Structure formats: structure tokens, C-alpha cells
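In case you want the letters, here they are:
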Amino acid sequence: MKLDSFARALVYEHRRKVIAVTLATVFVLSLGLPGVVIDTTLEEFRGGTEEHAADAYVDRHLSGQAPNSTAALVVVRDDENVLTTDRYRQQLRAQQRLRNDPVVGPTLVEEQQPLGLANVVAIVAIRSDEGQDVREITVEPRPSLEAQIAAMEDLSAAERRLYTAWAVGIVMDGVDHTWPEGGPFATVPTSYEGNGKYAESTAILVSQRDDVPAEDLAAAQTRMADIVDEEVEGEAMVIGDGVIDDELRRSSFDSLGIVGPLAFLFILLVLLYAYRDVYDVALGLLGVGLVLVWTFGFMGWAGITFNQLFVAVPVLLMGLSIDYAIHVFMRYREERPPGGASDARPGAGDGGFEFGDGDDAGRPPSVRKAMGTALAGVTVALALVTATTATGFLSNVVSEVQPIRQFGVVSAVGILGAFVVFALLIPALKVELDRWLEARGHDRRQTAFGTEGGRLSAALAVPIAAARLSPKGVLAAALVVTLVAGAGAATVDTTFEQEDLLVEEVPDWMEGLGPLAPGEYTAQENIAFVDGATYIYDGTSTQILVRGDVTANDTLERVQNASDAANGTDVVLVMPDDTYGTQSPVRMMGELADDNESFAETFEAADTDGDGVPDRNLEAVYDAFYAAAPDGAGNWVHREDGEYVALRIVVPVDGTAGEPAIAEQVRSAAEPVDGDGLDATATGQPIMNQAVAENLLSTVLYSLAITLAVVLAVLMAVYRRVEGYASLGAVTLVPIALAVVWITGSMAALGIPFNVMTALITSFTIGLGIDYCIHVSERYVYELNREVGRDEALENAVLGTGGALLGSTASTAGGIAILGFALLVPLQQFGVITALTIVYAFVGSVVVLPSLLALWTEWADADPAAVPEHVQRRGQRRQQHSGE
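Predicted model, so just to flag it, every value in this text is computed and none were measured.

1. Focus: the nonpolar core
- By size, the foremost hydrophobic cluster in this structure holds 217 residues, and its most contacted members are L117, Y275, F496, F764 and Y780.
- For this core, the element with the highest residue contribution is helix α14 (residues 402–438), accounting for 17 residues.
- Discounting residues that sit within four places of it in the chain, Y275 has contacts with D280, V281, A325, I326, F329, M330 and R333.
- Ranked by size, the runner-up nonpolar core spans 46 residues in total, among them V546, V613, L678 and A680.

Structural data, given as C-alpha cells:
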């Protein structure tokens, strides 16, 4: 049985079963809603890359950070000097409160208590009074905070400056200082000149347990900023996973809370205008609600995590669902136009009353017959739309970015739900509702939007006339536009940065939204300050992880070559003393040899050419390194079961440099140490972000290729089977292929890059846009088969579907464009270009496609009314054969 016949049979004979089964299915899916897990962290996007795996290895084996912990940076800035004795005392008292606070205290790592420059200065003062050589002072074990505060009481200004200089230049810069990793410049900016006199900001590093619930970690970090702000003069801010993840999470739901109601209101107004019938509007909104429950319930059952991308899903599905509804309802109205007699007669078989089946003169078709005819006309189109749109979504499963893969799957499931709901359930419900209303004297015959004449019909008549008079001219104009857009399309950038998913500022108009008003967002501003001040922390630190035969004689020489290459880049951080910030096992062992005679002997004996780099007996050198610096050596050379298996180079970078430049240059610096028994991987936050950006570009290319290939194959196969013309599938796809170029060219013109959201647009353009072309082609061939002739078929196709297409364009594009009011920039950009995509698809379907169809009809001899009788019989036999 054909699909259209099957749909008609369901409406005629089994509609109540359809209603029951569909509602039961939605109910079962709804049980998965409580299982939807929310995770808006950036790790969702970074996971799965080689760079992310290398970073995790460093964290586990070569980092001074305590196991199972995360670090937060509490920065205090002021217009005045923060390196005074009073400020130091204030910072130490603030740390006492942090330890004792009921919100912060339970999150702290016991063996790695908060550390700032004030702690180190106090420890230097205490150890110096005890007669310890400053070169042997370490921050562990620490005296109590009470002892540190007491050491500050009698500290003179000269001692404070001297001890600060020692703390920065000797204690925190030594090989045995293992945490924080940035050494002194994790606590003071690189603008500090090393003389202990002046700095406008300073930081306290806080180590927290990473098994703390996300909301508790965020609350603790926010509380830390409040405590330090109360205790220390100046302004306090905090940077850490807790507050950043909290802002990422809140921005997603604040965006959804704003755009969701706006999209709903917009679509409601569009439906009221298009339908002009409260019952049809209610059915449409019911269907949208069921589709959303279907989709998010599936997420819960499938264990798919809700992240920033899924903010777009409700808006997207609202538009697509209404698109389905408009096509079904308008085609149904075409079959039952208003006017004429409205007398009713008893309904067949269910005790109601309905209009006649159209066999009696002057009587319109019955509700059931009209809906059956409507479904016969649009079911194949809707099924094709579902298949092709789902293909566009599913093509993203090839992406190496997991949230994009999941977004593709969920969107495909959602579009399947839209088909089930709006091609089966809602038509069945409408038949029941209209029969019930007409049995009570309500005339349910209404005019289809766009068929009543007026400006819309006049506008749609223009491309019809162009297709009749000069179809080649229309195609030539479309080609010129495409070539211009294509030139810009090649310049679109690809980006993924943490700041892309953080809110820069909340627009003033949102503050008046009452309960929908978003909260306060400061993370991006705080990160910009820390990057600009050039603190060394996760955001401004890159690393080269080297694994393999690290005891080979030439390993450290190659490491030194990599360090030299890093120092020759434009992005490496330059210290206040004009030295480079790059650190490696060679540099750390060289500095240790300057202070440790025993290690110096081993180090120098292994250096056969006198260049300061050991080139033999490296295992013995590493052994001596561990013996001389038992706390610090493991941060630079990793050993497992007595075997040396890895080492690392740390390359601090300028926080204001672009991540693409950082990734390119640090990766290039890693090349001298990569290969020949060693595997070198550049990593760190900027490089992990760039790896995601590169995966986004592959997502764009691969998903586009897959979508084009699959959609073309589906269309050609279906049209070959149903209509006897495989070439019709290729013709139907051409306008949307052009629209892909148009939209990427528009992205270049608007300065919108491919990011985690917009990388979906090329496959979406085909998946969403082909809907419009399918409806036009399907209606055109339907009219041809009625032997009305090519010109009338074009007119009926464009005018008949044009109103529905315009209605769906307005509702879908307008609803999705409301994402432009979201807080997140990628969501704003996605809303704008997706709305443009839908507009371009509409233009392609009603302007370009009619001319293509006109030329195709002539080429394929597809017009039964225009071909000789023997050709017509051959075409009929071909169609009969294809339908068997």
C-alpha cells in the first residue's frame, strides 16, 4: 500500500486507534523527562580530542595540583599598591575565614590549603628568623595561619619589600615549588617588576575538591569572592570552574526563559493570522507541546546530556512542527473551500452529521474525505521532508564534537515526532473535532491562506511569469548571485573559545523582564582582566607532553630545541626580567645544578659537548634529579614502576593573543621533539579549544557532503518510484544547494564564524530548506498528472503551496530568529542565519525552482497534456510500473 493511501486509511478507518497509540507513545516517552541530565561545561565539547587526553595525562601525572581537585583564582585589584604589610595581613585573615566558612570550608582540599603571596612572604620571614638559607625555603610544610599573621606584625617596610622579592624570585620560582603551577606569576601579574615594591593586583590560589556538586562548588567560589572582598581593601573577583560552569548553566536557562516565551508568542500570533480559527490554533499548539515532550523524553531515556546547543531545540521544533501543521491544514482547507450550500446530512456510521461526500450536486466533500484527499496530496511530501530533514540533522553524527553528535540525533528524533504528530495524530483529531462541531451546526469550511488573491497572489505570480517567459534568465541571475556569495563563503572563519559561551553583558532591556530577567554575569570580564594582567594560570598556559623513550640520548637536546622554538614564537610570555617564561626539564635541572653540587656533577658528566644539555646516561640524570628534588622532579619527568615514560615543557603564553595563533605556534614548537621514538602533543586550554574549532570545520564539510549525497539519493529513489522520474529529485535539490552558498556568503558578510552552533548550518540548510522545494515539486507533479498543462501546473503549485510556504516561512524563520534575543552570542548568530536559511529556501522554492521545473518538464517530456499520444501512453505505463 502506498504511503498516501495508508495515511488516508488511517484517517478513514483507524483514526481513533491512531489517537490512542500516539498519545500512549508520547506518555511513555514523557516518563524519561525526569532523567534529562544537564551539563553545560566546556568539557562536554573538548572531550574526545588528542589534546584533551594529553591535558588529562598532565593533570594526573605531571601537575602539582592535588589529585581529584580543581583550582580557583581569587584576584584582588586596587588602584593602590596591594603589596603592603596591611594588605598581606588582610589576605591572611581572609584565608582564616575561608577555612572556617560553612560554605567554603567543606570544599577545600586539606593537603593543599589556599596560597597567596602573603603566605610566602610570611613563611620567608619566619624561616629567615630561624636562620634558614632563603634558597632552601619551601612553602611546605607551612606554619599555621596564626603564626603567619604574627610574623607580619613587626615586619618593616624594607623587610617586606626584601621578603616579597625573595618570595617571588627564589622561593616560588624554585624547582621544589610545585603548586601553583604558574609559580610567582600565579599570584602577581607579570607587570610586577620583581623588586617587591608595587603591584595593582594579587591573587590567592584555592584548591577545591572536584567531587563537590556543581551548585555547591559555584556557591563556594562566589562566597570566596565575598569574603575576600569584605576582608581585603580593593575589589575581589574569582575565576574557577565553579563560577564559570554556573554562568554557562544559567546563561542557557536564562536564554531559554527569554526566547521560549517570545517564540511561543510569535508563533501563536502567526497561527492566529494564518488560521483565523481558534480550534485549529489550539490543535497546532497541542501538537507542538506533544512534539517537545516526545523529544526531551527521548533524551531522558537515551541518557543524552542537555547542554547549550539544546536551547535551540524547542524553538527549532516549534517552527518545524507548525510548518507541518500549516501544510496539512491549508491543503485540507483547499479541499473544502467556503461558500455554497451548508446543509448537513447524517454521518456514516458514527451517529454524527457531516457534509456530503461530494457526489450530490453542490455539496462539498465530507470532513473525512477532505482530510483523506489532503493527506494524499501532502503525505508523501511530508514523509520526504521528514527523511531529508532528519538526514540533515543525523549527518552531524560524523562530528568529533560529542554535543553536536547528540544534537543531531535528538533533532532527528524530534522531526520524526513532528511527522507522527502532525501527519497522523493532529489530522485524526481535526477530523474528530470538525465532525463534532459540524454536527452541532458549525460550518468548518475555511479559506486556505494565500489562495484568496490579493497582494500575496500577485507577488507569487511574478516568478510564475518569469518561469513561463524566460526560465534560463532566472537561472542565470541565480547563478550570478551564487558566484558572488561563494566568493565570500570561502572566507568564513571557524572558532571555539571559552568566551564564546560566556555572557559579555546583559542588555538593558532585559532588566525589565521581571521574573524572566537574567542574573548577573561577570566571568568574561574577570577573565579578560586576568588575561590582560597576564597571570599564569590554566587560561594562559600551554604545554608540550612528550611520551615514549624519554631516556634516549638525544631526548633532552630535542627538548631544548623545542624550548628554543617556543621562545622564538610571537605568543610566548616574556617575564619582567626580559627572559622567556618557557620551562622544561632541561631548564629546571640546570637551575638545580646551580644550587646543588652533587646533582651538578651528574648533570655535567652527562653533557659531552658542553652545551648545557645532557646527551647521555639520561636515566642516571633523572635518578639524580629525583634524589635532589624529590618534590619537584615529578612535575617535569614522570616515572611509572621505576621506568621513565614522559616529560613536559610548559609554555606560558600572552593571554591577549588569539587562540588560533597560540595553537599554531606552540604546535610548531613541538615538532623538534616529535617522532623517532617520541610522541609530542601540544595541549592546554587555548590549544584544546582550537582542536574543537578544527573539528567544527570537519563537521561542516563532512556533514554537508553526507547530507547532499543522502538527500539526493533519497529524492531520486523516491521520485523514481513514485513519479517515474529520478531526475526530478536532482532538480528539487538544486535550489537548496544554491542556498547553502548563499547562507555561507551571508555569514561572511555579517562576520559570523562557524562555531558550536553555526557549524550546523550547512547541513541544516539542506535538511530544513528541502522541505519547501519538496512541497512545490510534489504539488507540481500532482497537477501535471491531472493533465492541466505545464503553465497551469506551475500556477497551481506556486499559488497553492505558496501561501502555506509563506506561512511556514514566517512562523519558522520568525520563531527561530527570536534566538537573536538569547544571551549567548552563538545562539544569537544561529538564530539569525537559520532564519536567513529558511528565507533563502523559500526564495529558492518559489523563484528558482519553478524555472527549473519548467525546463525539466520540457527536457523529460513530463507533461502528459503536451506530448503525443504514444508518448503519453508510454509515460502512463511507466508510472503504472513504478507504482506496482
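From this point on, the discussion continues.
2. Section: the sheet that holds strand β8 (residues 637–640)
- In spatial order, the strands read β8-β9-β7-β10; together these four strands make up an open sheet with antiparallel pairing. Where the open sheet ends on each side, the last strands, each with one partner, are β8 and β10 (678–684). Along the sheet, successive strands turn relative to each other by an average axial angle of 20 degrees, direction set aside.
- Pairing of β8 with strand β9 (residues 643–652), which is carried by four bridges, proceeds in the antiparallel orientation. Each bridged residue has a counterpart across the sheet, and for E640 the counterpart in β9 is E643.
- Taken strand by strand, helix α23 (residues 685–722) contacts β7 (541–548) and β10, and its axis lies near 95 degrees from that of β10.

3. A few points about empty space enclosed by the protein
- In this structure the tally under the stated criterion is one cavity of 30 Å³ or more.
- Roughly 120 Å³ of volume is contained in the largest cavity.
- Together, 13 residues line the largest cavity, and R331, V378, H775, R779 and T801 are the ones closest to its centre.
- Of all the secondary-structure elements, those providing two or more residues to the lining of the largest cavity are α12 (312–335), α13 (367–394), α25 (761–785) and α26 (790–817).
- Here the lining of the largest cavity takes four residues from α12, the largest share from any one element.
- In the lining of the largest cavity, the residues fall into four nonpolar, five polar and four charged.

4. With respect to the packing of aromatic side chains
- All told, the structure shown has 14 aromatic pairs when counted by the stated rule.
- Each ring, one from F599 and one from F625, has its centre 6.0 Å from the other, and the planes form 40 degrees; the classification is tilted. Note that F599 is positioned in helix α20 (residues 597–605) and F625 in helix α21 (residues 618–628), a separation of 26 residues in sequence. Like F599, the residue F625 is buried in the burial classification.
- Ring centres of Y626 and Y644 lie 5.9 Å apart, and the angle between their planes is 50 degrees; this geometry places the pair in the tilted category. Separated by 18 residues along the polypeptide, Y626 in helix α21 and Y644 in strand β9 bring together distant segments of the chain.

5. Considerations on the side chain of T107
- As for its placement among the helices and strands, T107 is situated in the loop between α5 (85–100) and β2 (115–116).
- Here T107 falls in the buried class, since its relative accessible area comes to 2%.
- A polar atom in the side chain of T107 sits 2.7 Å from the backbone oxygen of V104.
- At 2.9 Å, the side chain of T107 and the side chain of Q208 are in polar contact.
- Beyond its immediate sequence surroundings of up to four residues, T107 is in contact with S207, Q208, R209, V212 and A220.

6. Side note on the pairing of β9
- The buried fraction of β9 is high, at eight of 10 residues.
- Pairing of β7 with β9 involves seven bridges; the strand directions are antiparallel. Along β9, the bridge assignment pairs R547 with A646.

7. Comments concerning the sheet that holds strand β1 (residues 69–77)
- Strand order in the open sheet made by the four strands is β2-β3-β1-β4, with antiparallel pairing throughout. The open sheet has two edge strands, β2 and β4 (235–239), and neither has a second partner.
- Summarising the sheet, β1 and strand β3 (residues 201–209) pair through nine bridges and their orientation is antiparallel. Residue pairing in the sheet places A72 in a bridge with V206 of β3.

8. Here we look at a nonpolar patch on the surface
- A contiguous nonpolar surface patch, about 630 Å² in accessible area, is contributed by L394, V397, V398, L697, L701, Y702, I706 and V710.
- Per-element tally for the nonpolar patch: the top contributor is α23, with five residues.
- Here V398 falls in the partly exposed class, since its relative accessible area comes to 34%.

How each quantity is defined
Residues numbered from 1 in each chain as written. Predicted model: local features only at pLDDT ≥ 70, side-chain atom pairs only at ≥ 80, totals over all residues. Heavy atoms only, no water. Core = buried A, V, L, I, M, F, W, Y, C linked by side-chain atoms within 4.5 Å. Buried < 20%, exposed > 50% of the residue type's maximum accessible area, 1.4 Å probe, protein only. Helix = DSSP H or I, 4+ residues; strand = E, 2+ residues; numbered from the N terminus. Contact = heavy atoms within 4.5 Å. Pairing = 2+ DSSP bridges. Axes fitted to C-alpha atoms, helices over the stretch in contact; angles between N-to-C directions. 1 Å grid on protein atoms, 1.4 Å probe; cavity = no way out; pocket = protein on both sides within 12 Å on 5 of 7 lines; lining within 4 Å. Points joined across faces, edges and corners; volume = space filled by probe spheres on them. Nonpolar A, V, L, I, M, F, W, Y, C, P; charged D, E, K, R; others polar. Phe/Tyr/Trp six-rings, centres within 6.5 Å; stacked < 30°, edge-to-face > 60°. Polar contact = N/O pair within 3.5 Å; in protein donor to acceptor, adjacent residues only side chain to side chain. Patch = residues over 30% accessible without salt bridge, like charges linked within 9 Å, V, L, I, M, F, W, Y side chains within 5 Å. Areas by Shrake-Rupley, 256 points an atom, 1.4 Å probe, with all protein chains shown as cover. Salt bridge = Lys/Arg side-chain N within 4 Å of Asp/Glu carboxyl O.

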